[in-house]
2 protein chains.
Amino acid sequence: MNPDIKRERLNASFDVEKVTYILDGGPEKTKRRREIESLVFSDPDFNEEDPNFLSRSERYDQAIRKSAQMVLKLREYGIADPEEIYHYKSCVHPGRPSPLDLHLAMFLPTLLNQASPAQMDHFFMPAWNLKIIGTYAQTEIGHGTHLRGLETTATYDPATQEFVLNSPTVSSIKWWPGGLGKTSNYAIVLAQLYTLGNCHGLHAFIVPIRDMTTHEPLPGIVVGDIGPKFGFSEVDNGFLKLENVRIPRENMMMKYSKVEPDGTYVNPPSSKLTYGTMVFVRSMIVGESARALAKSCTIAIRYSAVRHQSEIRPGEPEPQILDYQTQQYKLFPLLAMGYAFTFVSQYMTEIYHRITEHINQGDFSELPELHALSAGLKAFTTWETNSAIEVCRMSCGGHGYSRSSALPDIYVEFTPTCTYEGENTVMMLQTARYLVKSYRQAKAGQQLSGIVSYLNESQNRRVQPQAVAARPPVVDINDLSSLVDGYKQRAAVLVEVAAKSIQQELQRRKSQEDAWNNSAIDLVRASDAHCHYVVVKVFNEKLKGIGDTAIHSVLSTLAVLYAMHGITKNSGDFLQAGVVSVPQVLQISVRIKELLSQLRPNVVALVDAFDIHDKKLNSVLGRYDGNVYEHMFEWARRSPLNATEVHESFHKYLKPLQSRL
Amino acid sequence: MNPDIKRERLNASFDVEKVTYILDGGPEKTKRRREIESLVFSDPDFNEEDPNFLSRSERYDQAIRKSAQMVLKLREYGIADPEEIYHYKSCVHPGRPSPLDLHLAMFLPTLLNQASPAQMDHFFMPAWNLKIIGTYAQTEIGHGTHLRGLETTATYDPATQEFVLNSPTVSSIKWWPGGLGKTSNYAIVLAQLYTLGNCHGLHAFIVPIRDMTTHEPLPGIVVGDIGPKFGFSEVDNGFLKLENVRIPRENMMMKYSKVEPDGTYVNPPSSKLTYGTMVFVRSMIVGESARALAKSCTIAIRYSAVRHQSEIRPGEPEPQILDYQTQQYKLFPLLAMGYAFTFVSQYMTEIYHRITEHINQGDFSELPELHALSAGLKAFTTWETNSAIEVCRMSCGGHGYSRSSALPDIYVEFTPTCTYEGENTVMMLQTARYLVKSYRQAKAGQQLSGIVSYLNESQNRRVQPQAVAARPPVVDINDLSSLVDGYKQRAAVLVEVAAKSIQQELQRRKSQEDAWNNSAIDLVRASDAHCHYVVVKVFNEKLKGIGDTAIHSVLSTLAVLYAMHGITKNSGDFLQAGVVSVPQVLQISVRIKELLSQLRPNVVALVDAFDIHDKKLNSVLGRYDGNVYEHMFEWARRSPLNATEVHESFHKYLKPLQSRL
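Fair warning: this is a prediction, and the values are worked out from it, not measured in the lab.

**A short note on the overall build of chain A**
Here is step 1: Scanning chain A from N- to C-terminus turns up 24 helices and 11 strands.
Here is step 2: Against the globule reference of 26 Å for 661 residues, chain A gives a C-alpha radius of gyration of 27 Å, in line with a compact fold.
Here is step 3: On the principal axes, the C-alpha backbone points of chain A span a range of 85 × 80 × 65 Å.
Here is step 4: Looking at chain A as a whole, 62% of its 661 residues are labelled buried.
Here is step 5: A separation of at least 24 residues holds for 73% of the contacts in chain A among residues at least 6 apart in sequence.
Here is step 6: By element, 53% of the accessible surface of chain A is carried by carbon and sulfur atoms, the whole surface being about 24,300 Å².

Written out as C-alpha cells, the structure is:
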C-alpha cells in the first residue's frame, strides 16, 4: 500500500467499519452486500474487457453476454429480493446501465400492474423466461414530458377486432426507450386511443416488434438504434416507427380501462396509484446521486492523498494535494454532501414504505406531500451531484480526463438523471406548486402539518424581506439546529416571494397560467430552498440516532460544514431573509476553514467508509492501495491504439505526404 | 425552413450581418473567414464520416488523413497568415483537436524561439516538411504544474559528448503530450540537466523517438498512446519512457543556455520573454471560451425556437420552449456571456499586441499586469463556459444527450481548457498574487495605474465590510456604468478581505507560505471578482464604440442582463460590500425578468450573428433551417448498430438463453 494513504488511515479518529454499517443501514446489510459482491467479482463468467477499449457494438455485445449470464445465475442462486438483485446487477455492470434494464424495471412491472388476468396468463411467463423481451415506449422524438402531446395513434377496427397503430408524423416516432433498438421483440407502446370516432387519450398497448424466431423486424415496424450518446453506450436506446401495425384487441392493457369487441370504450376507475411508482423511482434516483457522489469523492480524495504537487513551503518536498486549502474547499463540502444525500435517500425510502402502508390501509393523505417532495429532491440532488462529479474530476488535474480515472464515465452515466423521470426544472415547478398551494392554505388560516408546516410560522411572522434585513439576525451559527432553522426561514421567505410574484402578475390582469410562467424563476428558487432545508434537516436528525461519540463527532463536523457551505454559497438569500448578518457571513467563512482543517485527518477514512469495492469503482486514481501511476501505465499499454507499434495511417498518409513536400 | 424559426428571424429588430462584422472585427474579416470556410466545405477531399460512428483508431486515421490533406492544400493556396490557418484548420477538424496540433503549435515555434542558428539549419526544414514530426514533452505522469518537480534527467557524458536521457521512476514517465503516442518521430523533451556532477534545472532537448524510415520506436524508447479520454479521441496523447537514450550534445536547445563540449555549463541571459507566449496562449483560450459559448447557445436557442412542449395555457397548442421563463433564464444570460467573452477576447488580443510593441521597444512595465490578468481571465472564462455548455445541453431535454446534438462533443473538447495551460485554481491564485501585491503597494501610499487602480480608491474609502453594509447603497441599478462600478467595489472589498486574512494568519505567527495557503479560498474569490469586474467593464466600453442605434440597443440589453445576472448570482458579495441594498436585489430580480422578455424577439437573430456554418456546428438541433427531427432520424439510421437488422449478440447469447430458461 502507498505509504501516504496508509498514514491517512492510521490517523483516522473513528471506526470506519461502523460508519459503513450506518451507511448501509445495518451490519447485516453490509455483510449481505459484500457476499453478493464477492459472488460476482470472483466469477470468471463476468470477466470483462474495459468497455473504454471497445467499439460501441462490442460494448453492446459484452453487455448482452453478461446480462444473459446474470439472469441464469440469479435463478441458480435463488436471488429474488429486489435490493439483492440491485446489488448483483450493479456488480455485473458496474456503473453502467444495460440493454435489459427496461425489460426488468419497466416491462415486467407494467405487466404486473396493468395487465388483465387473461393478459397475465398470456404474456407474463414468456416475458419472465425472456422469450418475450420487452421495453416501454412512451417518449417520441418531438414529445417528452407532456403526455397529452404524444402523437402515436391506436385506432380500433371493430371489423377485425384489432387496433391499428401508426406514427403519423416524423415527430411521433418513438425515441429513446432503452433496449428498443436491437434487443426487444416486444414493446409496450403508449398511444392515443381512437374508437368509434372518439379519442380517449393515452393508453398502453402490447406490440410485437420483432419475429420471435428470427428476431427480424415485423412488417410495418421500422426499428433501430438512435445512435451514439453521451454515455449509455451499452444500451440500444431505440426508435420505433409504426406503419399500420395491427394487433389483436386483447393486446391493449385492460386491467383498468377497456375497449369492448364492438368498440365501446369503458372508463377506468380513477386512480392515483401511479404516484406511488413515481415516488419510488425518484427516491431511487436520490440514492443514485448519493452513490455517484460517494464514488467521485472516493476517487478524488484518495488520489489527492497520494498526489504530490508544487510546494507550499519553498525547499520542502512537494506536499500532498490534500493539504491545499483550495483542494479541501473543493472536495470536503462534496464529501459532506455525499453523506447528506445518503441519509436523504434512506429517509425517502423509509417514508415511502411508511406511506405505502398507509395507502394500503386506504389513507392517501400524505401522498401529495411525498409526491411533491420526491420531485424536488430528485431535481435538487441530481443537479448538485451533476456539478459535484465534475468538480471532483477537475480536482484530479489532467488525469481526471483519462477514462482510466472512471470519472468521465461516472459523469456521463449519471447526468441523464437530470432529465429522465421528470426533467429537473419541471420537477422543481411541481414541488413549487405544492408549496404555493400550502402557502395559500396557511394564509387562509389552515394549519399545515408535515414538512411544510414552517409556512404556518411565516404567516405568523408576516415576513417582509425588506424589513427583516434590518432586524438582528436570528441564527446562532455555532448551533446546527439553529442553522437548520435558518434554512427553514430562507425557504419561507422565498416561497413568499414567489407567491407574491404570482399575485402581482394576477393584479396586472394576467391569466393564472401567465402569472405562473412569469414567476417561474422565483418558483424554482423557492423549491430549491425548500429542498435544501429538507436535506440539512434530515442530516441533523440522522445525527441524533448516532451513539458512538467519535462517529457522532466527525459526522457532526460534516453536517455543520454542509450547512455552512450552503449558506456561503447562497449568502444573498440568507442576508435578504434576515437570517444572518454580514459579520456572521464573514464568521462563517472563517469557521469553514477551521472545519476543513478539522476534517483533514479523517477524509480518507470517511471515503473508505463508503466501502466501494475496487472492481466496482474501476478507477486507477481511486484504488484502495493508492498505487496509482504504475496501474495507469499498465492500463494505457493495453489501449487498442497500442496493439501495433506503428499505426497504419503512417503508411497510408504521412509517409506519402513526406515525399510530396 | 421551419416556420417557427423563420418567424423569429422576421421579428428581429436589428441587422444581423452588421453584428457579425462587430464579432469578427470588421466586414473584411467576415468576408475572408467565409471564403476560407467555403474553400474547405466545398472540398470533397475533406468529406468525412461522423467521428461518433467510428472507433478510436478510425477516428485517429481519419484525422491524420485530413491533416495531411490540409498541409498540402495550405501550401497550394499559399495560406500562411496564422489567423487564416486557424480558420482553415477549424473547418478541416471542426471542433476537434488533431494529432498534428502540437507539431504546428509547439514544436515548430519552440525551434524558432530556442534553437541556435546551427540547430535551425539542421532541424527546421525537415520539420517544416514533416520529415520530422515533433511534439513537446513536458508533463510527467506524476508531475504537472510544478516544473521543478519534473524528474526526467539528461546527464552529460563528456567522453562521448552526448546527453543520456532517463526516466528514473514510474512517476517520471512523460505523459499527455499530444501526437506523442503514434504520430511523432521527434520530441522536445524537458529534463533536469546534469553536467559535471551538478544539476542546472530544466532544459529542453531534441530527442528522436522513432525511426525516420520505418517509424518504429528507437532503442531505449518506450512510447505509446495513453488510452481513451474524455474527448480528444482524434489525438494520440502519449507516454514516453526513456531508458539510457543517448543524443548528441548538439541536441540540447542552445539559443540561451549551453553545455560546452567539456561539460561546462553556460548560464542563459535572464529573460522574461516566455511571459509573452503564455499571455498569447491564454488569450487564445479566452477566445475558445467565447466560441464554445457561441456554438452552445446557437444550438440551444435555435432548438428552443422550434421545439414545442407542454402547455402554458390549457387547450392551446404546445408553446415554443423559448416562451418559458425558466428556459429564457437558463439561456439568455449565457448568450449575454457569449457576447461578453467575445469582446473580452478582442480586448485581450488588442492589449497583447499593444504590449508586445512596448516590449519590442524595451518597455516591460505592463507585462506583469497583463500576465496576471490573462491567467485570471483564462480561469474565469473557462470555468464559466464549462458550466454554461452543460446548461445549454440540458436545456435541450433528452436530445441534448444525443451525439447528434454536438453538445456532448463541445463539452468534452472544451473542458480540458480548465486544466491545461495552467490549472484554473493555480491561475486564479497567480492573479491573486498580483492583486495582493498591488493592494499592499496602494496601502503603502503608492499610486496604482491600470486595471487595478481601483485599489487606490479602496484605500481612500478604508473599506470595512461590516460598516459599509449599513451605509446606503451606492449603485444606480438603472445605469450600466454604475453597475460596473458596483463590480469594482465588490472586487476591492474581496481583495481587502483576502489581504486581511493573510495579515491575520501572519499575526498568528504563521509563515508567509502557510498564511497564503490558509487564505487561498479568499484569494480565489478575490480574483474571481476582479475578473468579473473586467468582463462587465470591457462589455460596457465596447458599447461606446457602437454607432448603429438598433444594435446598440440590443447589445446594451445583453450587457445589462449580464451585469444584473452576475449580481443576483453573487448577491451575498454585493450586499456584504454594501454595493446594493436588499430592496435593490429584489428590484434586480424583477428587472431581469423584464430584460428576458425584451430580448425574447431577438435571441435567434443574436445567435445567427455568430454566423457559425452548419458544417462547423455539426448539430442536428442547431441547424440553421430548424428542420431538426427529420435530420435526427436520418442521422440515427446511419448509426453503425443499424448496419444489420439483427445484432449478432442475439444469436450468440439471447437465443441460447431462451432455450435454457
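What follows continues from the structure just given.
**Regarding the interface of chain B and chain A**
Here is step 1: Across the contact, 136 residues belong to chain B and 136 residues belong to chain A.
Here is step 2: Where chain B abuts chain A, roughly 11,700 Å² becomes buried across the two surfaces, and 62% of that area is made up of carbon and sulfur atoms.
Here is step 3: Linking chain B with chain A are 6 salt bridges.
Here is step 4: The salt bridge involving A:Lys593 is made with B:Asp522; its shortest N-O contact spans 2.4 Å.
Here is step 5: Put simply, chain B and chain A have 62 residue pairs in polar contact (both at pLDDT 80 or more) between them.
Here is step 6: By residue number, the principal contributor to the side of chain B that touches chain A is helix α24 (residues 648-660) of chain B, which donates 11 residues.
Here is step 7: For the side of chain B that touches chain A, the class distribution of residues is 56 nonpolar, 46 polar and 34 charged.

**Describing the relation of the copies chain B and chain A**
Here is step 1: The transform that puts chain B on chain A rotates by 180° and translates by 0.0 Å along the axis, for an RMSD of 0.0 Å. Overall, the copies show the geometry of a two-fold rotation axis. Taking the C-alpha atom as reference, chain B places B:Gly572 closest to the rotation axis, 1.8 Å from it.
Here is step 2: Taken together, the interface assignments show that 99% of the residues at the interface of chain B recur at the interface of chain A, consistent with an identical surface on both copies.

**Thoughts on the confidence of the model for chain A**
Here is step 1: Summarising the model, chain A shows a mean pLDDT of 94, and 97% of its residues fall at 70 or more.
Here is step 2: The complex model carries a pTM of 0.97, and its ipTM stands at 0.96.

**A closer look at the sheet that holds strand β8 (residues 238-242) of chain B**
In any sheet, the strands associate via hydrogen bonds between backbone groups, in a parallel or an antiparallel arrangement.
Here is step 1: One open sheet holds the 3 strands; their spatial order is β4-β8-β7 (chain B), and the pairing between them is antiparallel. The sheet is open, and its two borders are formed by β4 (174-175) and β7 (221-225) of chain B, each paired with just one other strand.
Here is step 2: In the packing of helix α23 (residues 628-637) of chain A onto the sheet, contacts are made with β4, β7 and β8 of chain B, and the angle to β8(B) comes to roughly 115°.

**A short note on unusual backbone geometry**
Residue and element names in this part refer to chain A.
Here is step 1: We note that phenylalanine 232 has phi near 55°; this positive angle belongs to a residue other than glycine.
Here is step 2: With respect to the helices, strands and loops of the structure, phenylalanine 232 is situated in the loop between β7 (221-225) and β8 (238-242).
Here is step 3: For asparagine 244, which is not glycine, the phi torsion reads 50° and is therefore positive.
Here is step 4: Structurally, the position occupied by asparagine 244 is in the loop between β8 and β9 (245-248).
Here is step 5: The class of asparagine 244 is exposed, set by a relative accessible area of 54%.

**Focus: the packing of aromatic side chains**
Here is step 1: Inspection of the entire model under this criterion finds 42 aromatic pairs over all chains.
Here is step 2: Look at A:Tyr303 and A:Tyr629: their rings are 6.3 Å apart centre to centre, the planes differ by 85°, and that puts the pair in the edge-to-face class. In this pair, A:Tyr303 sits in helix α8 (residues 274-306) while A:Tyr629 sits in helix α23, placing the two residues 326 residues apart along the sequence. Residue A:Tyr303 shares its accessibility class with A:Tyr629, and that shared class is buried.
Here is step 3: Residues B:Phe341 and B:Phe380 carry aromatic rings whose centres are separated by 6.2 Å and whose planes lie at 65° to one another, so their mutual orientation is edge-to-face. Of this pair, B:Phe341 sits in helix α9 (residues 325-360) while B:Phe380 is found in helix α10 (residues 367-394), placing the two residues 39 residues apart along the sequence.
Here is step 4: In this structure B:Phe341 comes out as buried when scored by relative accessible area, which is 0%.
Here is step 5: What links up through ring pairs into an aromatic cluster is the set A:Phe230, A:Tyr411, B:Phe230 and B:Tyr411.
Here is step 6: Lying over the aromatic face of A:Tyr624, A:Arg9 brings its terminal NZ or CZ to 3.5 Å of the ring centre.
Here is step 7: The side chain of B:Lys73 reaches across the aromatic face of B:Phe46, ending 5.6 Å from its centre.

**Structural notes on helix α10 (residues 367-394) of chain A**
Here is step 1: Relative to the 40 Å expected for 28 residues at 1.5 Å per residue, α10(A) spans 40 Å between its end C-alpha atoms, a close match to the ideal helical length.
Here is step 2: With respect to burial, α10(A) is a largely interior element, 22 of its 28 residues being buried.

Cut-off values and rules
Along every chain, residues carry numbers that run from 1 in the direction the sequence is written. Just so you know, chain letters begin at A and ligand numbers begin at 1, following the order they were written in. Where local features are concerned, this predicted model is filtered to residues with pLDDT of at least 70; where side-chain atom pairs are given and counted, the filter is 80 or more; whole-chain, interface and lining totals use all residues. Hydrogens and water molecules were not included; the side-chain quantities draw on all heavy atoms of the structure. The secondary structure listing takes helices from DSSP runs of H or I that are at least 4 residues long and strands from runs of E that are at least 2 residues long, numbered from the N terminus. Two things to know: the radius of gyration comes from C-alpha atoms, and the globule rule equals 2.2 Å times the number of residues to the power 0.38. Relative accessibility decides the category of a residue: with a 1.4 Å probe and only protein chains considered, values under 20% of the type maximum give buried, values over 50% give exposed, and everything between is partly exposed. Contact between two residues is taken to exist if any of their heavy atoms lie within 4.5 Å; hydrogens are not considered. Surface accessibility follows the Shrake-Rupley procedure with a 1.4 Å probe radius. Residue values consider only the protein chains on display as shielding. Note: buried area is the sum, over both parts, of the accessible area (probe 1.4 Å) each one loses when the two are combined. One side-chain nitrogen of Lys or Arg within 4 Å of one carboxyl oxygen of Asp or Glu is enough to make a salt bridge. Throughout this description, a polar contact denotes any pair of N or O atoms lying within 3.5 Å of each other; where both atoms belong to protein, one of them has to be capable of donating a hydrogen while the other can accept it, and for residues adjacent in sequence the pair is counted only when both atoms sit in side chains. Gly is put with the polar residues, along with every residue not named as nonpolar or charged; the nonpolar set is Ala, Val, Leu, Ile, Met, Phe, Trp, Tyr, Cys and Pro, and the charged set is Asp, Glu, Lys and Arg. Residues reaching a pLDDT of at least 70 in both copies supply the C-alpha atoms on which the copies are superposed by least squares. Every residue carries a pLDDT, the predictor's confidence in it, which falls somewhere between 0 and 100. Strands are labelled as partners when DSSP assigns at least two bridges between them. The angle between two axes is taken between their N-to-C directions and runs from 0 to 180 degrees, where each axis is a line fitted to C-alpha atoms and a helix contributes only its stretch in contact. Side-chain rings of Phe, Tyr and Trp, where Trp is taken by its six-membered ring, are said to pair if the distance between their centres is within 6.5 Å; with planes under 30 degrees apart they count as stacked, over 60 as edge-to-face, and otherwise as tilted. Counting as a charge over the ring demands two things of the Lys NZ or Arg CZ atom: a distance within 6 Å of the ring centre and an angle within 35 degrees of the ring normal. A helix is expected to span 1.5 Å for every residue after the first.

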